[in-house]
Amino acid sequence: MRTGTFSEASVVKRIGETCVSAWLNKRPAMKIPDGLYRGLGWSFRPNNGSASHNLTSILAHPDGTVLLAMPGAMDAPTFLEQLDFALALRDRMYEGGVRRKDAEEIRAAAHLKAAESVRDRVRSAAYRRMAKQPFTISTFPLDLFEDLQKVYSGN
Amino acid sequence: MRTLPLLAALALAAAAQERPRPLCTCKPREVGPSGSRVDWSGYRKGIDWHYSVDEATRLADYDKKLVFWFHLAGDLDKEGC
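This section reports on the structure supplied with the text. Since the model is a prediction, treat every value here as computed from it, not as a measurement.

Quick notes on the rules
- Residues numbered from 1 in each chain as written.
- Chains lettered and ligands numbered in written order.
- Predicted model: local features only at pLDDT ≥ 70, side-chain atom pairs only at ≥ 80, totals over all residues.
- Heavy atoms only, no water.
- Helix = DSSP H or I, 4+ residues; strand = E, 2+ residues; numbered from the N terminus.
- Buried < 20%, exposed > 50% of the residue type's maximum accessible area, 1.4 Å probe, protein only.
- Contact = heavy atoms within 4.5 Å.
- Areas by Shrake-Rupley, 256 points an atom, 1.4 Å probe, with all protein chains shown as cover.
- Pairing = 2+ DSSP bridges.
- Axes fitted to C-alpha atoms, helices over the stretch in contact; angles between N-to-C directions.
- Arc of directions from axis to C-beta.
- Salt bridge = Lys/Arg side-chain N within 4 Å of Asp/Glu carboxyl O.

Below, the discussion takes up the overall build of chain A. Secondary structure assignment for chain A yields 4 helices and 5 strands. Of the regular secondary structure in chain A, the N- to C-terminal order runs α-β-β-β-α-β-β-α-α. A total of 155 residues make up chain A; the buried ones form 54% of that total. In chain A, once contacts between residues fewer than 6 apart in sequence are set aside, the share between residues at least 24 apart is 59%. Here chain A displays about 7200 Å² of accessible surface, and carbon together with sulfur accounts for 55% of that area.

Turning our eyes to something else, we now look at the overall build of chain B. Across its full length, chain B carries 2 helices and 2 strands. When the helices and strands of chain B are listed from N to C terminus, the series reads α-β-α-β. Relative to all contacts within chain B whose residues are 6 or more apart in sequence, the contacts with residues 24 or more apart total 53%. Taken as a whole, chain B presents about 5100 Å² of accessible surface, with 58% of it coming from carbon and sulfur.

Take the sheet that holds strand S3 (residues 66-71) of chain A next. In space, the 5 strands of this open sheet follow the order S3(A)-S2(A)-S2(B)-S1(A)-S1(B), with mixed pairing throughout. The sheet terminates laterally at S3 of chain A together with strand S1 (49-50) of chain B, the two strands that pair on one side only. As paired elements, strand S2 (residues 56-60) of chain A and strand S2 (residues 66-73) of chain B share 5 bridges and run antiparallel to each other. Each residue of the ladder has a partner; that of Ile-58 of chain A, found in S2 of chain B, is Trp-69 of chain B. Strands strand S1 (19-27) of chain A together with S2 of chain B of the sheet are contacted by helix H1 (residues 9-18) of chain A, whose axis makes an angle of about 110 degrees with S1 of chain A. Contacting S1 of chain A together with S1 and S2 of chain B, helix H2 (residues 53-63) of chain B crosses the sheet at an angle of about 165 degrees to S1 of chain A.

Below, the discussion takes up H1 of chain A. Taken together, the buried positions of H1 of chain A are occupied by Val-11, Ile-15 and Thr-18 of chain A. Angular distribution of buried residues about the axis of H1 of chain A spans 80 degrees; they occupy a single face of the element. Counted as exposed and oriented over 90 degrees from the buried face of H1 of chain A: Ala-9 and Lys-13 of chain A. Close packing links the buried residues of H1 of chain A with S1 and helix H2 (76-93) of chain A together with S2 of chain B.

A positive phi angle, close to 60 degrees, is found at Lys-64 of chain B, a residue other than glycine. Relative to the elements of secondary structure, Lys-64 of chain B occurs in the loop between H2 and S2.

To continue, consider the pattern of salt bridges. Residue and element names in this part refer to chain A. Tallying each qualifying case throughout the model produces 8 salt bridges over all chains. Here Arg-123 makes a salt bridge to Glu-81, at a shortest N to O gap of 2.7 Å. Here Arg-123, found in helix H4 (residues 121-132), pairs with Glu-81, found in helix H2; they are 42 residues apart in sequence, far enough to count as distant. The salt bridge involving Glu-95 is made with Arg-100; its shortest N-O contact spans 2.9 Å. Several salt bridges share partner residues, and in doing so they unite Glu-95, Arg-100 and Asp-102 into one network.

The element S1 of chain A is extensively covered by neighbouring structure, given that 8 of its 9 residues are classed as buried. Of the strand pairs in this sheet, S1 of chain A and S2 of chain B are connected by 8 bridges, and their pairing is parallel. Note that in S2 of chain B the partner of Val-20 of chain A across the bridge is Val-67 of chain B.

Shown next, in the form of structure tokens:
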């Protein structure tokens, strides 16, 4: 992600326009040998859903509410699709910057609907998990998706 | 004509009341056994990454943007995640 998707101009531009970004290395001591991914053909683009135990993209409102959390690698179109989901959800949950009373119902319903419409198994499971329970930046578990590791399937 | 100076004064007063953009004062933070921060070669290239989510949250609140918090893992000197 950091050397592929986040180096694409369209992604950089869109993130800069809509987000303030930070990263967290949750296992800085973990060793990943050079060349590991070349054997899987990852030199051109990341395979969506891969490395879900290592990577999570979280998009949150500044009040701390997690709007979307998606595990694993994502190529640029998939990442931008997630960003659009989070922005649209924010606009439905907040009116004039104020959180609606039914914001949590809106959030859960949006994730459930997405879980039913997306074909990718990892993404669908992540949406479903997010529909069940609200998270904030401070309560988000670092290992929430670590059981969803996907074996490369080419999609 | 007398309303023009009044409008100018009101505009100046409104500008003075605007909140200043928060300063980046947070120290780097990581979790994990090493406890030390390791930059990666793409840091500050392309995406404007901030060291902490707390800092990013304050700036997002000011800029009326979302917070994008990316969790990764591994030795960042390597090609990893």
